[in-house]
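Secondary and tertiary structure notes
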Amino acid sequence: MKKLSKLYTALIIFFMYMPIIVLVIFSFNDGKTTVWKGFTLKWYADLFRDSQIMSALWNTLLVAVLASAIATVIGTMAAIGINNFSGKKRLLLQNMSNISILSPDVVTGVSLMLMFTIAGVAFHFQMGFWTVLLAHITFCTPFVVLSVLPRIRHMDYSLYEAALDLGCNQWQAFRKVVVHELMPGIFTGFLMSFTYSLDDFVITYFTRGASFQTLSIQIYTMTHQRISPKINALSALMFVVIIVLMVIINVKDRKAEKRMGE
Amino acid sequence: MRLRRPSIPYIIWMVVFTLVPIVLILFYALTDRSGSFSVEAFTKAVGYSDVFLRSIWIAFISTLICLVIAYPMGYIMSRQKRSVQNFLTMIIMIPMWMNFLLRIYAWVTLLQNRGPIDTMLSIFGIHTQLIGNQGAVILGMVYEYLPFMILPLYTVMSKIDTRLIEAAGDLGANKFGVMRKVVFPLSIPGIISGITMVFVPTASTFLVAQYLGGTNDIMIGDVIDKIFWSDHNTGSAIALILMVAILIFLVILNFFGDEEAIAA
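Description of the structure in this document. Sequence positions are assigned chain by chain, starting from 1 and proceeding in written order. Think of it this way: whatever chain is written first is A, whatever ligand is written first is 1, and the rest follow in order. Confidence filtering applies because this is a predicted model: local features only for residues at pLDDT of at least 70, side-chain atom pairs given and counted only at 80 or more, and all residues used for totals across whole chains, interfaces and linings. Note that water and hydrogens are dropped before the side-chain values are worked out from all heavy atoms of the structure.

Details of the overall build of chain A
Secondary structure elements follow DSSP: runs of H or I no shorter than four residues count as helices, runs of E no shorter than two count as strands, and numbering proceeds from the N terminus. Secondary structure assignment for chain A yields eleven helices and zero strands. Along its sequence from the N terminus, chain A presents helices and strands in the succession α-α-α-α-α-α-α-α-α-α-α. By the compact-globule yardstick of 18 Å for 262 residues, chain A is too spread out, its C-alpha radius of gyration being 23 Å. Looking at chain A residue by residue over its 262 residues, the buried ones come to 49%. Long-range pairs, those at least 24 residues apart, make up 68% of the contacts in chain A between residues at least 6 apart in sequence. For chain A, the accessible surface area stands at approximately 13600 Å², while carbon and sulfur atoms represent 68% of it. Measuring between centres, the 22 positive side-chain charges of chain A sit 7 Å from its 13 negative side-chain charges. Taken over C-alpha atoms, the radius of gyration is set against a globule rule of 2.2 Å times the number of residues to the power 0.38. Accessible area is worked out with a 1.4 Å probe on protein chains only. A residue is then buried under 20% of its type maximum, exposed over 50%, and partly exposed in between. Contacts were defined at the residue level, with two residues in contact if any of their heavy atoms lie within 4.5 Å. The protein chains shown are the only cover counted for residues, whose accessible areas, like all others here, come from Shrake-Rupley with a 1.4 Å probe. Under the counting rule used here, the positive set is Lys and Arg, the negative set is Asp and Glu, and His together with the chain ends is not counted. For the purpose of locating charges, the reference atoms are NZ of Lys, CZ of Arg, CG of Asp and CD of Glu.

Here we look at a nonpolar patch on the surface
Patches here: salt-bridge-free residues with over 30% relative accessible area, like charges joined within 9 Å, nonpolar side chains (Val, Leu, Ile, Met, Phe, Trp, Tyr) joined within 5 Å. Each salt bridge in this description consists of a side-chain nitrogen of Lys or Arg and a carboxyl oxygen of Asp or Glu lying within 4 Å of one another. A cluster of nonpolar side chains, namely I8, I12, V15, V16, L19, V20 and V23 of chain B, defines an oily patch on the protein surface of about 540 Å² accessible area. Relative accessible area serves as the criterion here: at 34%, V16 of chain B is assigned to the partly exposed category.

Observations concerning the interface of chain B and chain A
Contacts between the two partners involve 78 residues from chain B, matched on the other side by 78 residues from chain A. Connecting chain B to chain A are zero salt bridges. Any N or O atom pair separated by 3.5 Å or less is treated as a polar contact, with the protein-specific requirement of one donor-capable and one acceptor-capable atom, and with residues adjacent in sequence counted only for side-chain atom pairs. For the pair chain B and chain A, the interface holds eight residue pairs in polar contact (both at pLDDT 80 or more). It is helix α1 (residues 8-29) of chain B that provides the largest number of residues to the side of chain B that touches chain A, a total of 14 residues. Residue classes follow a fixed rule: Ala, Val, Leu, Ile, Met, Phe, Trp, Tyr, Cys and Pro count as nonpolar, while Asp, Glu, Lys and Arg count as charged, and any other residue, Gly among them, counts as polar. Taken together, the residues of the side of chain B that touches chain A break down into 59 nonpolar, 14 polar and five charged.

A word on the packing of aromatic side chains
Residues and elements named next belong to chain B. In summary, the pairing rule links any two rings of Phe, Tyr or Trp, Trp by its six-membered ring, whose centres are within 6.5 Å, and it sorts them by plane angle into stacked for under 30 degrees, edge-to-face for over 60 and tilted for everything else. Under the counting rule described, the total for this entry stands at 26 aromatic pairs over all chains. An angle of 85° between the planes, with centres 5.9 Å apart, marks the rings of F27 and Y28 as edge-to-face. Relative accessible area serves as the criterion here: at 45%, F27 is assigned to the partly exposed category. Here Y145 and F148 contribute two aromatic rings whose centre-to-centre distance is 5.9 Å and whose plane-to-plane angle is 50°, an arrangement assigned as tilted. Separated by three residues within a single helix, Y145 and F148 lie in helix α7 (residues 134-157), roughly one turn from each other. With respect to class, Y145 is no different from F148; both count as buried.

Quick word on the environment of G120 of chain A
Within the secondary structure layout, G120 of chain A lies in helix α5 (residues 105-123). Expressed as a C-alpha distance, the spacing of G120 of chain A and T131 of chain A, which sit eleven residues apart in the sequence, is 9.9 Å.

Structural notes on the nonpolar core
What we call a nonpolar core is a set of buried Ala, Val, Leu, Ile, Met, Phe, Trp, Tyr and Cys residues that are connected through their side-chain atoms within 4.5 Å. F201 of chain A together with L212 of chain B are the most contacted members of the largest nonpolar core, which has 162 residues in total. When residues of this core are assigned to their parent elements, the largest contribution, 15 residues, is made by α7 of chain B. Those residues in contact with F201 of chain A that sit more than four places away from it in its chain are S216, I217 and Y220 of chain A together with L101, F206 and L207 of chain B.

Here it is in structure tokens:
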């Protein structure tokens, strides 16, 4: 890299990481303000003792796992179906997915809230875990459709037919050939759904009702009061988890690439 | 295999959870509290036109700054060895995975009075209010969405054949000429998707302005959040206007993109 490029890259990385690093540093600060009062681990201890945060973490993971799994199934099936439509109908279905991805989160959030409120009055239920799950499936599924569709287009149908000729029944041929071929797309879709679900604040905020807590909602409550350095500890922990995950994924990719190379 | 049936659950899902809610928004926007037809909600929504304009302005400036900062970064990344490219992509993506609110909160910590930056500046005798103004809001937006501009630009530019750039140089183009005649036209799809990915969320976001801005800096997303809970009708009207405005913007942007691509 040339010197100027190096400097520029370094500046960008500094800009992106400095705020996070500052939070991490203050997570060890024995004081409630941004004045350094000495090293402590008490915020971390507080964090783990906070049963609200721990249950919010559990809720977040539960919603993310369920929503992305269901979205992956519905989305993959949808992509297979959409691929067999042609012309205007296909365009309509694809645009439907695009619009739902591009429409602002606030609008998705309030529109779902309206519907859940009305349905809640009609069918006697209150917003909570289930409405959040339904909302998350709704915004996750289009991502799966969009990541699986291009894979299907490049798939060779004769492989599926060959599997049938060689004695597979339809289900076996589907599982062993189609799903296998689409796997990278399905996996990408699942991963995107999972991260979007984990990170979502806006849509959860509008569809959660009065008492259902996720981590994002908990962070919202904590940052709004701006008092507890527990947030800093939480940020630091999340940062470490993300880095570890990223490194694992990258190393796995690197290994897969090498194997492909051989 | 030529089945369409597997898409049925998705179609039903989209109708129930995307179409019906949007129809509800439309219905609420066009009625009053008693449920009869009225344009009252829209008249009230028009009262927030200054907030609308401010949101578009902030989104526009933030998108522009992101583009200016991200363009060289995307180009630099795209000209590296494969392994360096992968590494830099990872570095750019990590902050995106941090919770959105935590990233904003980090800037609240940094910019607050007697915070790290304020303290540093006061050593040099500079005393200014760093937080609670439009500049802080724009800074927060740029910070939140910069990766969403860098990554599409990088993806598109990494597909530009290096030989094309070298050829342009051999044929007598200077560095600026190469940029203008080769790199820029080929990077337009990346610019378009980068603008889309930054402008839409910045124009509609809420909380960033509440955290970093002053009372006069609130944006349209904040208004929806504030009034929707008590007044579904006006909230719906504003949400509807916001959605239509963004869709129109996207159509224009894509139209523009197609034209440019053909011209190039």
